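Secondary and tertiary structure notes
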Amino acid sequence: EPEVTQTPSHQVTQMGQEVILRCVPISNHLYFYWYRQILGQKVEFLVSFYNNEISEKSEIFDDQFSVERPDGSNFTLKIRSTKLEDSAMYFCASSVNEKKLFFGSGTQLSVL
Amino acid sequence: AQTVTQSQPEMSVQEAETVTLSCTYDTSESDYYLFWYKQPPSRQMILVIRQEAYKQQNATENRFSVNFQKAAKSFSLKISDSQLGDAAMYFCAYRSVSGSARQLTFGSGTQLTVLP
């Protein structure tokens, strides 16, 4: 069964550094998403992406965050200058038609 | 804004028994989707079941079924013949059908323990 693939599974970075989290969505999917889950808290929406542009974003998704689909297969989330509070599990998801989202295994980001 | 409430932070069930996880939500919309996601210790989010609000029939996927009560805004998950592999955090989620806010809104989760 096709899967959403995320790399790396764990990322450790120093505060203030830039990180790029990578995702390979399921190949025929058109809608792409990033969610995050701070340990012990709810899963929160960050951003959705369709037709090469952001379709929705939450208030969490400020100017420090950006997304890109650079080559038609990868979908990346960049955090320009990481803060301690960015430490979380980041989930990528994709969907054919927004009715059913398939999530990846997540990237655990630790900001020191 | 929509909210999703899971009032049971933890539940346990004996292997082979049945357990029901509760979820309520608040919305002014008439059409929407509801989901249950399972998050095992690996922390991957796995879709368990989906319900479309315009459908009166409750969704079923093998041992998993829902009790969707639209007027009461209630969406409970029943797991029959519980197995050790069902042990996980279960999240209820809501999504609008129309409009600009179509992201998933999650509840706080219910940690399910399955006892051998």
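It should be noted that the structure appears before, not after, this text.
Keep in mind the model is a prediction, meaning the values are calculated, not measured. (Residues numbered from 1 in each chain as written. Chains lettered and ligands numbered in written order. Predicted model: local features only at pLDDT ≥ 70, side-chain atom pairs only at ≥ 80, totals over all residues. Heavy atoms only, no water.)

1. Remarks on the overall build of chain B
The helix and strand tally for chain B stands at 0 helices and 12 strands. Listing each helix as α and each strand as β along chain B from the N terminus yields β-β-β-β-β-β-β-β-β-β-β-β. Over its C-alpha atoms chain B spans a radius of gyration of 14 Å, differing by no more than 12% from the 13 Å that the globule rule assigns to 116 residues. Principal-axis analysis of the C-alpha atoms places the extent of chain B at approximately 45 × 30 × 20 Å. Across the 116 residues in chain B, those meeting the buried criterion constitute 47%. Across chain B, contacts joining residues at least 24 apart in sequence account for 55% of those joining residues at least 6 apart. Split by element, the accessible area of chain B, about 5500 Å² in all, is 46% carbon and sulfur. Separation of charge centres in chain B, based on 10 positive and 10 negative side chains, amounts to 8 Å. (Helix = DSSP H or I, 4+ residues; strand = E, 2+ residues; numbered from the N terminus. Rg over C-alpha atoms; globule rule 2.2 N^0.38 Å. Buried < 20%, exposed > 50% of the residue type's maximum accessible area, 1.4 Å probe, protein only. Contact = heavy atoms within 4.5 Å. Areas by Shrake-Rupley, 256 points an atom, 1.4 Å probe, with all protein chains shown as cover. Lys, Arg positive; Asp, Glu negative; His and termini not counted. Charge placed at Lys NZ, Arg CZ, Asp CG, Glu CD.)

2. As for the packing of aromatic side chains
Residue and element names in this part refer to chain B. Per the stated rule, a full pass over the model turns up 21 aromatic pairs over all chains. Here the aromatic rings of tyrosine 25 and tyrosine 32 are separated by 5.3 Å at their centres, their planes lie at 65°, and the arrangement is edge-to-face. By relative accessible area, tyrosine 25 is classed as buried at 5%. The class for tyrosine 32 is buried, based on a relative accessible area of 1%. Seen from their ring centres, phenylalanine 35 and tyrosine 37 are 6.1 Å apart, and the 35° between their planes marks the pair as tilted. Here the two residues phenylalanine 35 and tyrosine 37 agree in accessibility, since each one is buried. (Phe/Tyr/Trp six-rings, centres within 6.5 Å; stacked < 30°, edge-to-face > 60°.)

3. Some words on the pattern of salt bridges
Counted under the stated rule, the structure contains 6 salt bridges over all chains. As a salt-bridge pair, B:Arg63 and B:Asp86 come within 2.8 Å of each other at their nearest N and O atoms. Within this pair, whereas B:Arg63 is found in the loop between β7 (60-61) and β8 (64-69), its partner B:Asp86 is found in the loop between β9 (74-79) and β10 (88-96), the two being separated by 23 residues in sequence. In this structure, B:Arg63 and B:Asp86 share a single accessibility class: buried. One salt-bridge network, held together by shared partners, links A:Arg36, A:Glu44 and A:Asp86. (Salt bridge = Lys/Arg side-chain N within 4 Å of Asp/Glu carboxyl O.)

4. Describing the nonpolar core
With 25 residues, the main nonpolar core has B:Tyr25, B:Trp36, B:Phe75, B:Leu77, B:Tyr90 and B:Leu112 as its most contacted residues. The biggest single contributor to this core is β10(B), with 4 residues. Apart from residues lying up to four places away in sequence, B:Phe75 is in contact with B:Leu21, B:Cys23, B:Tyr25, B:Leu34, B:Phe35, B:Trp36, B:Gln51, B:Val66, B:Asn67, B:Phe68 and B:Cys92. Grouped together as the second largest cluster of nonpolar side chains are 22 residues, A:Phe32, A:Trp34, A:Val47 and A:Val67 included. (Core = buried A, V, L, I, M, F, W, Y, C linked by side-chain atoms within 4.5 Å.)

5. Comments concerning the environment of A:Ser27
By the secondary structure assignment, A:Ser27 is in the loop between β3 (19-24) and β4 (31-37). Linking A:Ser27 and A:Pro2, residues 25 residues apart in sequence, is a C-alpha distance of 8.2 Å.

6. As for the interface of chain B and chain A
In this complex, chain B contributes 22 residues to the contact, which on the side of chain A involves 17 residues. In total, about 1800 Å² of surface goes out of reach between chain B and chain A, with carbon and sulfur atoms giving 50% of it. Our enumeration of links across chain B and chain A arrives at 0 salt bridges. One can count 5 residue pairs in polar contact (both at pLDDT 80 or more) joining chain B with chain A. Elements represented by at least two residues in the side of chain B that touches chain A include exactly β5 (32-39), β6 (46-52) and β10 of chain B. Looking at which element gives the most residues to the side of chain B that touches chain A, the answer is β5(B), with 4 residues. Considering only residue class, the side of chain B that touches chain A consists of 10 nonpolar, 7 polar and 5 charged. (Buried area = accessible area lost by both parts, 1.4 Å probe. Polar contact = N/O pair within 3.5 Å; in protein donor to acceptor, adjacent residues only side chain to side chain. Nonpolar A, V, L, I, M, F, W, Y, C, P; charged D, E, K, R; others polar.)

7. Observations regarding unusual backbone geometry
Most peptide bonds take the trans form, and the phi angle of most residues other than glycine is negative. Following A:Thr7, the chain continues into A:Pro8 via a peptide bond in cis, with omega recorded as -10°. Examined against the element boundaries, A:Pro8 turns out to sit in the loop between β1 (5-7) and β2 (10-13). Within the chain, B:Lys73 stands out as a residue other than glycine whose phi angle is a positive 55°. Within the secondary structure, B:Lys73 is located in the loop between β8 and β9. A relative accessible area of 27% places B:Lys73 in the partly exposed class.

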